[in-house]
Amino acid sequence: MAYIIAAVCVVVVVIGIWAFVFYRMILPSHQKRMKEEVAQEAEVVKQQKLLEVKEKFLNKKAQLEKEVQQRNQQIQQSENRIKQKEQSLNQRQDELNRRKQENENMRTRLENKQSALEQREVELQQRQDSLLEQERTKLEEISGLGVAEARERLVESLKDEAKTQAQAYINDIIDDARMTATSEAKRIVIQTIQRVATETAVENSVTVFHIDNDDVKGRVIGREGRNIRALEAATGTEIVVDDTPEAIVISGFDPVRREICRLALHQLVTDGRIHPARIEEVVAKVKKQVEDEILETGKRTTIDLGIHGLHPELVRLVGKMKYRSSYGQNLLQHARETANLCAVMASELGLNPKKARRAGLLHDIGKVPDEEPEMPHALYGARLAEKYKEKPDICNAIGAHHDEMEMETLIAPIVQVCDAISGARPGARREIVEAYIKRLTDLENIAMSYPGVTKTYAIQAGRELRVIVGADKIDDKQTEKLSGEIATKIQNEMTYPGQVKITVIRETRSVSYAK
């Protein structure tokens, strides 16, 4: 056991001695060799990196030299172009200087020539004056007339000749206009009228309120008439309760008031409670209801016609037209009809149909004011349209449709013509017989007031006036002048729907008898 321990100890000592010798002698020499190898490898890597860097540097240098060379070439080309431009500019400058010198020389020559011409002109004028004076003297000696007398006779002869030529020229223009314009105008007007169909006039100044039985009349009248007086005071109308069976007549010049009274009566009779306090309450509600209906009617009308951007006050006035009539023709219906006629006619003439429709709808808004104006409805309507920011051409068309304002746009005559078409078509308006007869009589009297007229006939409901003149008193040229004068006088002195055609007839008759 002791030997084993001793042997182990010896082995351990030997191993320790060997390890000591290894670490002290063998390991340093090995580390030295490794350091040398690492240093050699590092040197090789260093040389390789230096070579790579040098190669990249050379490549970059070559690339930069190439770019510098290209830029130098571009600079050289630019310098060449600049030199060429400089040469060209120098040449142009030389050319301009040369031309300027030539122009100066030419101007000098022209000034010299002009001076010579002016002097020549003065000499010629003096010679012409001298010759004219000699000729005038000779003419005075030959004719025995002075200068003033000869001039007067010449002016008179020229005046007669100018009148004849002017009348002939006017006749040619009128004939040409008739040949080229009449057929086209008739086509446009007839087509426009046919495309716009409307109803006939049925409005009047009273409204009939129908009741189920006559017992209601007593309740409407009230004790000692207090109910009917309260209703008349609240609505501003006159209520007639007479022996007419199952009917109460509401009379008033304002259709809006009549409508308010009718609706109030309907609610009172339906409710059964009729007394002054209740009447005032119902009338106040009905007024609000009618105002709402007026605004709704105006909105619906503008939407139907495709008119947008109207001021709310103008929309209200358009709706108010529903309760207004003119010669029995409902004003709103007339405005819608005129608007459609204007749009069709403007389209046919190549104008803006939207503007024409807008002007046609608004042309009579001056007839439905909240306060009665002291001016014609056309001018008041133009003022209203201008107040509510309508365009100037629309305002002019409204104000000029009765010739109370000068027409400034092509829309104005279209509105005037379409207004006349809507008012003058058959069935549009109802006219009092006395006024109708008086208008026809006035037409005939105006024509009879001219010398040479023997007979006059108003035909076609006053739309044509035939004038018979004596053949021995008026010649053919004077008949044309007479028709124009009669037309002008009728326009200035009379009011009528549509237009009046004046036909002057001159004929010669020879009568013999065989016995």
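Scope of this entry: the structure provided in the associated data block. Nothing here was measured: the structure is a model prediction, and the numbers come from that model.

1. Digging into the overall build of the chain
Scanning the chain for helices and strands turns up 14 helices and eight strands. Sorting the 515 residues of the chain into buried and exposed places 29% on the buried side. In the chain, of all internal contacts separated by at least 6 residues, the share reaching a separation of at least 24 is 60%. Surface accessibility of the chain: about 35,700 Å² in total, with carbon and sulfur atoms responsible for 54%.

2. Examining the nonpolar core
Counting residues in hydrophobic clusters, the biggest one holds 37 residues, and the most contacted among them are Leu-314, Met-321, Leu-361 and Leu-362. Elements supplying a minimum of two residues to this core: helix 7 (312–320), helix 8 (331–348), helix 9 (353–362), helix 10 (377–387), helix 11 (392–399) and helix 12 (411–424). At eight residues, the largest contribution of residues to this core is made by helix 8. Sequence-distant contacts of Met-321, defined by excluding residues within four places in its chain, comprise Asn-330, Leu-331, Leu-332, Ala-335, Leu-361, Asp-364, Ile-365 and Val-368.

3. Re the side chain of His-377
Tracing the backbone shows His-377 in helix 10. A distance of 3.2 Å separates a polar atom in the side chain of His-377 from a polar atom in the side chain of Asp-364.

4. Details of the packing of helix 6 (residues 276–305) against helix 7
At their nearest, the axes of helix 6 and helix 7 sit 7 Å apart, and the two run at 100° to each other. Between helix 6 and helix 7, the angle falls in the class roughly perpendicular. Where helix 6 abuts helix 7, its residues Glu-291, Ile-294, Leu-295, Thr-297, Gly-298, Lys-299 and Thr-301 lie against Pro-312, Val-315, Arg-316, Val-318, Gly-319 and Lys-320.

5. Details of a nonpolar patch on the surface
Taken together, the side chains of Ile-4, Val-8 and Val-12 present a nonpolar region at the surface, about 280 Å² in accessible area. Along the chain, Val-12 turns up in helix 1 (residues 2–143). Take Val-12: its relative accessible area is 52%, and that puts it in the exposed class.

6. Some points on helix 11
Burial within helix 11 is extensive, with seven of its eight residues counted as buried. For helix 11, the complete set of buried residues consists of Asp-393, Ile-394, Cys-395, Asn-396, Ala-397, Ile-398 and Gly-399.

7. Details of the side chain of His-363
The residue His-363 is located in the loop between helix 9 and helix 10 in this model. Within polar-contact distance, the side chain of His-363 engages the side chain of His-334 at 3.2 Å. Engagement of the side chain of His-363 in a polar contact is seen with the side chain of Asp-419, the distance being 3.1 Å. Sequence-distant contacts of His-363, defined by excluding residues within four places in its chain, comprise His-334, Ala-335, Thr-338, Ile-398, His-401, Val-415 and Asp-419.

8. Some remarks on unusual backbone geometry
A positive phi angle, close to 70°, is found at Lys-389, a residue other than glycine. Here Lys-389 shows up in the loop between helix 10 and helix 11. On the basis of relative accessible area, Lys-389 is assigned to the exposed category, the value being 72%. Phi at Asp-403 is positive, roughly 60°, even though this residue is not glycine. Note on placement: Asp-403 falls in the loop between helix 11 and helix 12.

Thresholds applied
Residues numbered from 1 in each chain as written. Predicted model: local features only at pLDDT ≥ 70, side-chain atom pairs only at ≥ 80, totals over all residues. Heavy atoms only, no water. Helix = DSSP H or I, 4+ residues; strand = E, 2+ residues; numbered from the N terminus. Buried < 20%, exposed > 50% of the residue type's maximum accessible area, 1.4 Å probe, protein only. Contact = heavy atoms within 4.5 Å. Areas by Shrake-Rupley, 256 points an atom, 1.4 Å probe, with all protein chains shown as cover. Core = buried A, V, L, I, M, F, W, Y, C linked by side-chain atoms within 4.5 Å. Polar contact = N/O pair within 3.5 Å; in protein donor to acceptor, adjacent residues only side chain to side chain. Axes fitted to C-alpha atoms, helices over the stretch in contact; angles between N-to-C directions. Parallel < 35°, antiparallel > 145°, perpendicular 65-115°, else oblique. Patch = residues over 30% accessible without salt bridge, like charges linked within 9 Å, V, L, I, M, F, W, Y side chains within 5 Å. Salt bridge = Lys/Arg side-chain N within 4 Å of Asp/Glu carboxyl O.

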